[in-house]
Structure formats: C-alpha cells, structure tokens
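# What the coordinates show
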Amino acid sequence: MSVLFHSRTLLPGLFLSLVFVAAALISLAWVPYDTTVLNIANRMKLPSWEHWLGTDQFGRDILSMIMVGARTSIAVALVAVGIGMSVGVPLGLAAAARKGGWLDEIIMRANDLVFAFPSLLIAVMITAVFGASALNAIIAIGIFNIPVFARLTRGAALSLWNRDYILAARVAGKGPARISLEHILPNVANLLIVQGTIQFSLGILAEAGLSYVGLGAQPPTASWGRMLADSQTMISLAPHLALFPGLAILLTVLGLNLMGDGLRDILDPKLRRARV
Amino acid sequence: MSLLSIENLSLSIHGIPVLKDVSMQVAPGRILGVIGESGSGKSMSAFSVMQLLPNGTSCSGNISLAGQDVLTLGERDLCRIRGRDVGMVFQEPMTALNPLQTIGAQVAETILVHENVSKSEAMVRAAEALRRAELPQDKFPLSRYPHELSGGQRQRVVIAMAIALRPKLLIADEPTTALDVTTQAQILELLKKLVSEDNMGLMLISHDLAVVADLADDLVIMKNGEVVEAGPTDTVFRTMQHPYSKALLAASNHVPDREGLVQETPLLKVQNVVRDYVTHTHGWWGKTVHFRAVNTVSFEIKKGESLGLVGESGCGKSTLTRAILGLEEVQGGEILFDGQPVFTHHHANIAVRRRMQVVFQDPYGSFNPRWKVERLITEPFHLLDNPPKGAERDRTIAGALESVGLTAEDRHKYIHEFSGGQRQRIAIARALIIKPDLIILDEAVSALDVSVRAQVLDLLADLSDRLDLTYLFISHDLSVVRSITDRVLVMKSGEIVEEGPTGAVFDAPKHDYTKQLVAAAPVLPADITAA
C-alpha cells in the first residue's frame, strides 16, 4: 500500500475521481430529488439546506442532476476508452510484430487517416448522420481513441521486440501472436493504464462538448454539457446554474489527469529510479 | 607534487556507505589505473573528483586538485574546474554525444563555456583538438554529425572534447569497454600519447586488468568501496598481497578444466551460407540495396566440440547465429543439424530446433521482468510435444536450477532478485532445460565481472563434460575464447578468414586480420601470468 504515497499527485487525483464515481453509483439507487419531475414554482433557487447546490430553471435539484450527469459522462467515457483499447491495442501489437511489413503499413496509414480529421468535427458528423444520442457519441469518441492506443502500443512494443528475452522466446519456438500476448502486452500494460486514464478524462470533455452542442445524450437524460448549454442564457441571472456543472467537469478531468500522472510515476520503473 | 590527491575519502549516499577511506594520487604525466569489479566504487571515486555525485551524497576526507580543496568549493567554482582543469571520457560513445549537433559544435562548446572567445576562434581550436585526437580536418570536418562516425571515431570526438582546454587531469571511465579490440588498442595508444604530450595526469578506470597493466604507471585495486592494493604497476603485480587482488588476477587468466571428448561425427554443418538483407533507400518505390551480411560461410561443429567464433562488431556473427537457430531464412547454402535441414519449406524445422538453445550477452535484457524464474526457464518447453507436467515438471525445474549452481527454491523469485552472474546461470538453465545437443553462447560472459566470468566458464566446462554438450562460443574476447574452445573461426566482413585449432590460430595467425586481432588484444605481462 505504501507505494501509493510514492507520488504526490496520485492520492488527490484518486480521491477526486472516486468522489464522482461514487456519485454516479449512488445515483443509480438514490438521488435527493427526482430529476425528471419539474417544479416550476421552485425554480432558480440559490443553494440552501433543501437544495445543496440550488435548483435550475425548471426547479430540478442541481445536485441530483450532477449525480445523474456523472453517470452519463463516466459511462460514455468508459465505453469509449474500452472501444479504443480493445481495437487499438491488438492493432498496435500486430503492427509491431510485423514491423515494416504490409500489415504494419496498412494499420499505421489507417491510423494516420483517422488522426488527420479533427475528432470533434467527425463526432459532429457521425451524430448528424446517425442522429444525436449518447450511443452515437460513444462510438464517435471511441473511434478516435483507437489510433491513440494503436500508436502507443506499437511504439512501446517495438522497443520490446529488440530485447533478448523476445529472441529467447523465438528460440523457444513461440510465434508472434503468442509472444505479443505473453511478453509484450504485460510489459506495455502500465503505459496503457496511464494513457487510459488520460483518454478517460478527454472522453468526459468530449462528451460534455457534444452534449453542449446538443449532439450527445438527449433529454431527459441529464448531462453536464447540456446543463451548461441550458444555463448559458441565464448566466447573469443565476450564475450557479453554470458554475456547478462546470466545476464538476473541471474537477473530474483534473482528478483523472492527476491520477494518470501519479500512476505513471508509480508504474514507470525508469521514473521511479530517478526519484530515489 | 601530485596533481590529484585523494585522501581518506569516505562517501555515503542517503546514509549508505559507498566509499571507505579511499586514497589515491595522480602525478602530472602519469597514468593511474583504477581497477575493480562493478560496485567496487571505482567510478564513484572518479566522479567525486568533479563532485558530479547523486543527490543525497555526503563526502568526508580530502580531495585536492592542483592545490585546491575540491570538497570545500561551491558549485560555481566547481563548474569552472569541470572541463577546464579536469576532462572526462565516458564508456559509451554512442550516448555521450548529442546526435543533433555537429562534432565541431560539441568540441567548441567546452571552449566557449570556459573562455571568452569568439565562436570562430573556438571552432579553430576545436579543429585543433580533433586533430590531436587523430581526426584530421580533411577527412573529418567540423560539420560531421555523430551518426556519420564509427564507435571508435566517436570516442575520439569525446576525447577531443575532454582535452580541448588541455586539462591537467583526464578521467577516463572504461573508455574502451564498448569498443572492438583493434579500436581499443588504438584509443589506448592515443590516450597514452596525449598524456605525454600535455604532461597531463590520467585516471584510467577499468575492470580489465590486462588493459590497465599495459598502460598504467600506478595501480589501485578497489573492492567494496575500499582500496585493497596500491602502488606502482610492476611492483603491485609482483608483490601482490591482498587475497582479493590475487583472486582477481587468477580469474583474469582462468582456464577451466575440460575433458573435451570430441567425436568425429559432425553435429552442425554450415555449407556456403549466404544471408542478404534488402533495404529500400527512398521509401517504398526507392532503389533496393542488397547488403550481404554473411558471404558463403562454411564450417562444421563436431559432437562434443567447443567451437569459437571471433570477430568484431558488424562482422556477421549475430546474423549467422540467427540463421543457425532457424530464426531467419538464408538466401543461399544450407545449414544441416545432425543431417537434417534447419529450414524446411520456409519454416524452421521444429525437430531440429528443440535440440539447440542459446544464451545471450546481456544478463539484464534476457528475461521478461514480469515473470518468475520458474516460468522463465520453462519457456523452451514450448518446443516439446509433451512437456513434462506435475511432479516431473517440478523435478526438471529443480534439476536445471541445481545443475547451474542455484537452488530449487529460486524458482519462485523474480529476475530482479538476482545478480548479473546469477542471471547468466538462469539463462544457462533455460537453455539446458530441454536437454539440447548444441548451445550457442552469444557473448555469454562478456558482460560479467572477471571473477564471475571465471565461475561461469567453469560451469560451462563442467556442463559440457557432464551432459555431452556442444558449444558454439561467440565472443570478441580472445582470452575467453582461448580458454574454452577447441577450434576457432575468425570472421571478418561476413566471411571466415581463418580456421583451426584455437592454440595454433592464436599463436601463429596466418591471415593479416587475425594477426591484427591477436596483436591488439591486451595481455598481462608474461612474467605475471606465469606466477
């Protein structure tokens, strides 16, 4: 356990991230107020004992909205990272195993192709074609995670392929697929975990961005991005409507980035040695 | 008066003692050889002269450099000394130079840092320093980049940087360890010449007794952070007192006992093997260039024989190894193992492959750091149709570990819990576990300290007698090859230039290249070896 204290950023990052994960999980079972019920009489209240973070223009409790929104953000980002990893990592491993071959060329040029498009623009296009929904947002964000993981995996795997223990495995008659799985993957896993947390936070930002322009989760599903969009016309009237979802996005992304940084410090033996 | 005098230097890092009461002197125009195995504190002693020490280091004692007490100087004054009064040459010429700067700029940098001169003047002096390091301007202009030079030439650039300001003291930390024998001889010759030209003091750090014995006027032998033997070189060698220095000397000349029952049947036959590499010069559609790494090589290894293969880096040794192991297909010729081809229909022949194993040079890179020893050494089981299971498997693992001098309990440990020598034993255990007939030892002892190397050589000799093993022993170190092989092949630029019984080839080399190699190999003075 003491390894957790080797990094100054890991614990604060872990704490912040866990707060929002906990909020999302709790919202599955219980929220202070139902977010689908409107209560116009009670609208745009400032924070009070009844409503800790106040109410929005329809009288819904902002704390409850943020808790449910956390669920949307985390689910979208998690699945998007999952898509990126489950497709990108095997592609990267395959490209590294066949370095310089046609398979490597095809995979990497396809990656370049995806990289060449601004990701949010394509996400807008996908949602415009297939309709705005949380699912389409997930797919759009997920596709852009693929080349990130493919490239990272390939780069790290290439340097591992030159190691003597890979040569020893080849002398033992193991084929490239087996070597990739047994030797390469466990040794690049730490990099992938770190990149995973960073992509996770980028996914949350992307989801918020898509929802903000109305292409993400649709009402009545609560989403941080749409809460921001809805409150912007009333920013001078009731600034807390924009403040709290904004803070939620900021703190989650900050927490995840700190956590990623901290994980890198702990998992990367090169950095660890430099610290001691 | 001595130029550098270290007296009773003790040094600890975060409270852990590293050096204890170390004393040594370097006089102008003299060469001090500092010898020790890894972890003996020899580099730390040298770095303490420049105070380039890790964070958390505390020193006590006295280091005086040309009358100045180094330990009392502040960082500003130290910066003035580094590079101007003390020059340094590092072990690895590949990483000691910045790949983005020309060699001229890098040599001139030392001058610009310390002296208020114009850039063009610094360049003129850089050219002069390079000339003194035997890189003449007509062949190696200042505008060259490090990647355009060979390892030996880069080391000359590093030396030029170190001597550009004609320092009083030069520290060379294993300056030739990463270089080939012939290059090593040239670099040592250059260092010797510079010392006498500039009346400079040289502190030459090495793990190789033979390298230092040739060159040094004085000698310091270190062990575990302490000086165990010191004095003028010939006296030290003659009147060696400390058991450690005696052991070190014995290990350097160690010849393992071998019965060497060579049978007449050939085990491996390499016939006219050709290995070409094809590279594209400019992208996919560019001209293809063929590079012939191995050119019509033929030889045989008999059953029970230990065959040496010597040659410098880039001569094709490793390529040949891969071809024999069936990792890469050859473009011409044939490799037959016990009469069967290593490659059939573009695939490695598994029946042959399971009878060959390999041990690599680097004890640190040869193992997956995330696996336990048990899993590491059983990896070759993959080659077997019916790998042992259950109790039999346990017995095989224990047997392999015990045969290399480890215990059966070591199977539960991770590789980082072992020292370099132990790791090399584990590598041998991994090779032994499927009971192969042929083991290829690719520089298998080159990265080890002399005493550990002697033990591993003994182990190899013992194993070959007990298990009827055949070795192909690849090395650049002639003394090691001499001690463990029956016959030797000398390889140069992809071709075998000389072949014969090891003793005969080294005592009376016929080919010019073999003569060069033998002449360049550092040897301990004859009267000492006899003792």
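As a reminder, the structure under discussion sits directly above these lines.
The sections below set out a description of the structure shown in this document. (Residues numbered from 1 in each chain as written. Chains lettered and ligands numbered in written order. Predicted model: local features only at pLDDT ≥ 70, side-chain atom pairs only at ≥ 80, totals over all residues.)

### Here's the deal with the overall build of chain A
Counting its secondary structure elements, chain A contains ten helices and zero strands. Starting at the N terminus and walking to the C terminus, you meet the elements of chain A as α-α-α-α-α-α-α-α-α-α. Seen along its three principal axes, the alpha-carbon backbone of chain A occupies a region of about 75 × 50 × 30 Å. Of all intrachain contacts in chain A linking residues separated by at least 6 positions in sequence, the fraction that spans at least 24 positions is 71%. (Helix = DSSP H or I, 4+ residues; strand = E, 2+ residues; numbered from the N terminus. Contact = placed C-beta atoms within 7 Å.)

### Considering the overall build of chain B
Each helix and strand in chain B was counted, giving 19 helices and 22 strands. Along the first, second and third principal axes, the C-alpha atoms of chain B reach 70 × 55 × 45 Å. Counting across all 531 residues of chain B, residues that qualify as buried make up 46%. In chain B, the share of contacts with a sequence separation of at least 24, taken over all contacts with a separation of at least 6, comes to 70%. (Buried ≥ 20, exposed ≤ 12 C-beta atoms within 10 Å, placed from the backbone.)

### Comments concerning the pairing of strand E21 (residues 487–492) of chain B
Residue and element names in this part refer to chain B. Extensive coverage of E21 is indicated by the burial of six of its six residues. On E21, burial covers both faces: Arg487, Leu489 and Met491 on one face and Val488, Val490 and Lys492 on the other are all buried. Of the pairings in the sheet, the one linking strand E13 (residues 306–310) to E21 comprises four bridges and is parallel in character. Paired with Gly308 across the two strands is Val488, which belongs to E21. Looking at chain direction, E21 and strand E22 (residues 495–501) are connected through six bridges and run antiparallel. Bridging from a neighbouring strand, Val488 pairs with Gly500 of E22. Taken together, E21 and the strand that follows it, E22, pair antiparallel across an intervening segment of two residues, in which Ser493 is found at a positive phi of about 45 degrees. (Pairing = 2+ DSSP bridges.)

### A word on the packing of helix H6 (residues 181–198) of chain B against helix H18 (residues 512–520) of chain B
All names here are of chain B. Direction vectors running N to C along H6 and H18 enclose 50 degrees, while the axes themselves pass 8 Å from each other. Of the possible angle classes, the one that applies to H6 and H18 is oblique. H18 is crossed by H6, and the crossing has left-handed handedness. Listed contacts from H18 to Val181, Thr182, Gln184 and Ala185 of H6 are Gln516, Leu517 and Ala520. Grouping the amino acids of the contact of H6 with H18 by side-chain chemistry returns four nonpolar, three polar and no charged. (Axes fitted to C-alpha atoms, helices over the stretch in contact; angles between N-to-C directions. Parallel < 35°, antiparallel > 145°, perpendicular 65-115°, else oblique. Left-handed = near helix turned anticlockwise from the far one by under 90°. Nonpolar A, V, L, I, M, F, W, Y, C, P; charged D, E, K, R; others polar.)

### With respect to the interface of chain B and chain A
In this complex, chain B contributes 18 residues to the contact, which on the side of chain A involves 14 residues. Counting only elements with at least two residues in the side of chain B that touches chain A, the list comes to helix H11 (350–353) and strand E18 (356–359) of chain B. Grouping the constituent residues of the side of chain B that touches chain A by class yields eight nonpolar, five polar and five charged.

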